[in-house]
Amino acid sequence: MKVGIIYWTGTGNTETMANAIAEGVKKVADVEIKTVGDLSSPDDVLAYDKLLLGCPAMGDEVLEEDEFQPFYDEIKGKLGDKLVGFFGPYDWGEGEWMESWCADAEAAGIKLFDKGYIIQQDDLDNEADNCALYGENFAKA
Ligand SMILES: Cc1cc2nc3c(=O)[nH]c(=O)nc-3n(C[C@H](O)[C@H](O)[C@H](O)COP(=O)(O)O)c2cc1C
């Protein structure tokens, strides 16, 4: 089984989460980590058995609009039965962007794992173990 972790990052916090989550996934499955910019086409992600998508809160409680949102819009109707998990960091908000993202995914019929895993960016240093646990649980689900 191969898990794809695809993310967008501006200042590295989503990348930190992606790498820590991958440590947990690796315990039970193969994992590949890529940024959205690494993909030659959005449809590349359809080759993975399960998908973890990461994006921070941006704009005013929305996904990053130039790269990540178009990528997500392109794939969201094509994911079929694939298990998908969302994660991302935030700063001053309360996670509203993730609630909207999960609601959108549910409306699109995406098979979502959990409710989206969010971390306030100041807590990132203390959350590596929890990220790994999230990744392991996702891969086992
Ligand atoms: C342009 C911009 C908009 C942002 N909007 C929000 C927001 O609406 N709510 C929030 O909680 N954090 C917001 N943030 C903070 C980021 O979500 C936070 O810094 C996150 O850790 C960035 O992740 P990254 O290092 O992967 O880019 C914003 C940051 C930037 C640069």
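Residues numbered from 1 in each chain as written. Predicted model: local features only at pLDDT ≥ 70, side-chain atom pairs only at ≥ 80, totals over all residues. Heavy atoms only, no water.

S.K.: I'm lost on the pairing of strand β4 (residues 83–90) in this one. Help?
M.R.: Regular strands have side chains that alternate between both faces of the sheet. Within β4, eight of the eight residues are buried, leaving the element largely enclosed by the surrounding structure. Pairing between strand β3 (residues 50–54) and β4: five bridges, direction parallel. Considered in β4, the bridge of Leu52 is made with Gly85. Note on the crossover from β3 through helix α2 (residues 68–75) to β4: the handedness is right-handed. Sheet topology note: the β4/strand β5 (residues 111–112) ladder contains two bridges and is parallel. Bridge pairing in β5 places Val84 opposite Leu112. One ladder, built from four bridges, connects β4 with strand β6 (residues 117–120); its direction is parallel. Bridging from a neighbouring strand, Pro89 pairs with Ile119 of β6. (Buried < 20%, exposed > 50% of the residue type's maximum accessible area, 1.4 Å probe, protein only. Helix = DSSP H or I, 4+ residues; strand = E, 2+ residues; numbered from the N terminus. Pairing = 2+ DSSP bridges. Right-handed = clockwise from strand over helix to strand, strands pointing away.)

S.K.: Can you help me understand the layout of surface pockets in this one?
M.R.: Rolling a probe over the atoms, with the probe sized like a water molecule, indicates the empty space that remains. Taken as a whole, the largest pocket spans an internal volume of roughly 320 Å³. Going through the elements one at a time, α1 (13–25) and β4 are the ones with two or more residues in the lining of the largest pocket. Here the residues of the lining of the largest pocket sort into seven nonpolar, eight polar and three charged. (1 Å grid on protein atoms, 1.4 Å probe; cavity = no way out; pocket = protein on both sides within 12 Å on 5 of 7 lines; lining within 4 Å. Points joined across faces, edges and corners; volume = space filled by probe spheres on them. Nonpolar A, V, L, I, M, F, W, Y, C, P; charged D, E, K, R; others polar.)

S.K.: Is there a simple way to think about the site of the ligand in this case?
M.R.: Taken together, 18 residues surround the ligand, and among them Thr9, Thr11, Thr14, Ala57 and Gln121 come closest. Side-chain polar atom of Thr9 to an oxygen atom of the ligand: 2.5 Å apart, as the coordinates give it. Protein contacts shield 80% of the accessible area of the ligand, which totals 640 Å² for the unbound molecule. Applying the majority rule of atoms within 2 Å of the grid points places the ligand in the largest pocket. If you list the elements that add at least two residues to the shell around the ligand, you get α1 and β4. (Near = heavy atom within 4 Å. Polar contact = N/O pair within 3.5 Å; in protein donor to acceptor, adjacent residues only side chain to side chain. Areas by Shrake-Rupley, 256 points an atom, 1.4 Å probe, with all protein chains shown as cover. Sits in = over half its atoms within 2 Å of the grid points.)

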